[in-house]
Amino acid sequence: MKTVLIGLGMVADTHLAAIQHSTKGIELAAVMGRDCARAQAFADKATTALGYAVPVAETVRHIAQDDTIDFVIIATPPDARQDLVAELSAAGKPILMEKPIERTLAAATAIVAQCEAAKVPLGIVFQHRARAASQQLKTLLTAGTLGDIATVDIRVPWWRDQAYYDAPGRGTYTRDGGGVMINQAIHTLDLALWLLGPIRTLQATMGQTPLHDLEAEDWASAVFEMESGALGNLTATTAAFPGEAESLTIQGTEAAAHLASGVLTLTHLDGRVETFGAEASTGGGADPMAFTHDWHQTILEDFATCITTGQPPLASGTSALEAHRVIDAMERANASGQRTEVTPT
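What counts, and where the lines are drawn
Residue numbers restart at each chain and count upward from 1, following the sequence in its written direction. With the structure being a predicted model, the display of local features is reserved for residues of pLDDT at least 70 and the display and counting of side-chain atom pairs for 80 or more, all residues being used for whole-chain, interface and lining totals. Excluded from the side-chain calculation are hydrogens and water; included are all heavy atoms of the structure. Comment: elements are numbered from the N terminus, with helices defined as DSSP H or I runs of at least four residues and strands as E runs of at least two. Based on C-alpha atoms, the radius of gyration is set beside the globule rule, defined as 2.2 Å times the residue count to the power 0.38. Relative accessibility thresholds used throughout: buried, under 20% of the residue-type maximum; exposed, over 50%; partly exposed, between the two (1.4 Å probe, protein chains only). Here, residues are in contact when the closest pair of their heavy atoms is within 4.5 Å. Only the protein chains shown count as cover for residues, and the accessible areas themselves come from Shrake-Rupley with a 1.4 Å probe. All tallies of charge rest on Lys and Arg as positive and Asp and Glu as negative; His and the ends of each chain are not included. One atom stands in for each charge, and that atom is NZ of Lys, CZ of Arg, CG of Asp or CD of Glu. In this description, a nonpolar core means a group of buried Ala, Val, Leu, Ile, Met, Phe, Trp, Tyr and Cys residues linked to one another through side-chain atoms lying within 4.5 Å.

Caption draft 1: Local environment of the overall build of the protein chain. The helix and strand inventory of the protein chain stands at 10 helices and 14 strands. Over its C-alpha atoms the protein chain spans a radius of gyration of 20 Å, differing by no more than 12% from the 20 Å that the globule rule assigns to 345 residues. Projected onto its principal axes, the C-alpha coordinates of the protein chain cover approximately 55 × 40 × 40 Å. Counting over 345 residues, the protein chain shows a buried share of 54%. In the protein chain, the proportion of contacts linking residues at least 24 apart, taken out of those at least 6 apart, comes to 70%. Summed over all atoms, the accessible surface of the protein chain reaches about 14,400 Å², with 52% contributed by carbon and sulfur. Between the mean site of the 23 positive side-chain charges and the mean site of the 40 negative ones, the protein chain shows a separation of 3 Å.

Caption draft 2: Structural view of the nonpolar core. Counting 74 residues, the largest nonpolar core has Met-181, Leu-202 and Met-330 as its most contacted members. Of all the elements, helix H8 (residues 180–196) adds the most residues to this core, at 12 residues. If we skip the residues at most four places from it in the chain, Met-330 touches Met-181, Leu-202, Ala-204, Met-206, Ala-220, Ser-221, Ala-222 and Leu-234. Grouped together as the second largest cluster of nonpolar side chains are 27 residues, Leu-5, Ala-18, Ile-19 and Ile-26 included.

The structure is reproduced here in structure tokens:
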């Protein structure tokens, strides 16, 4: 299958590695970026890595009108999505998109609705779902191994230095849509929602610490109640030097599960302890790209398969909206100081 990569920022190398190592016959047919010189440099690098010519696409219209292109990867900043999706969905091109979908819940919902109306598959790169330990935890939860879920603890103690936020537009509402929640913690939040179901109500505090100069938040916290009745808390920051792996801890009536650094530890109330997975870096420190391409590769191959079979992708646009709903509710709760309902589906 042939794909095009639009957006050549930090994560572009991860997508290139995922394509390079894929055994599913996925070919990078072209790349496209706003900076012509940078796009050509990346195309040259891709040509060397893949062993075949990777050209630079001139416009999104050329991509949309090319019948040989099977799907498109969008890895642009969130503020550069709407026109791309409009052109590609109108041409019937399936889209695999980096998180977040857009900057606001309303804009993200509009993109999902646009793809649904055009009957175009839309997948979101929430690669935490693809990790082996996450898949194992999903299986255990479905089987009822943990019993009834009582409490949930979500922690994202990451670090970014000021140089990260000095990049134009980073950590702003205009380009990114916010700070640590929509840019970093959205991954762990999505994982928790995928595993456990929706959050119903929450209270939240969001703000800036003295460690960074940015428009949006570099620290956020929430206490919440899930539709299942489970109670939980979330703390996320990019101001926790030197940065640690994010974690998800779930306490059930039969066992507790702790997921961190790709390793799942299951502690039964009768004393038995089981572990699953293998430790791996997730980019929580100063280098935001210090993580394996393997999870992106799984997402990429899953999406290519879904185009062929007609099955929904591992992380569909519709399911990805759940995280956007929670972040939107956190922002409203922070502004009002009140317990806030998460917008229902």
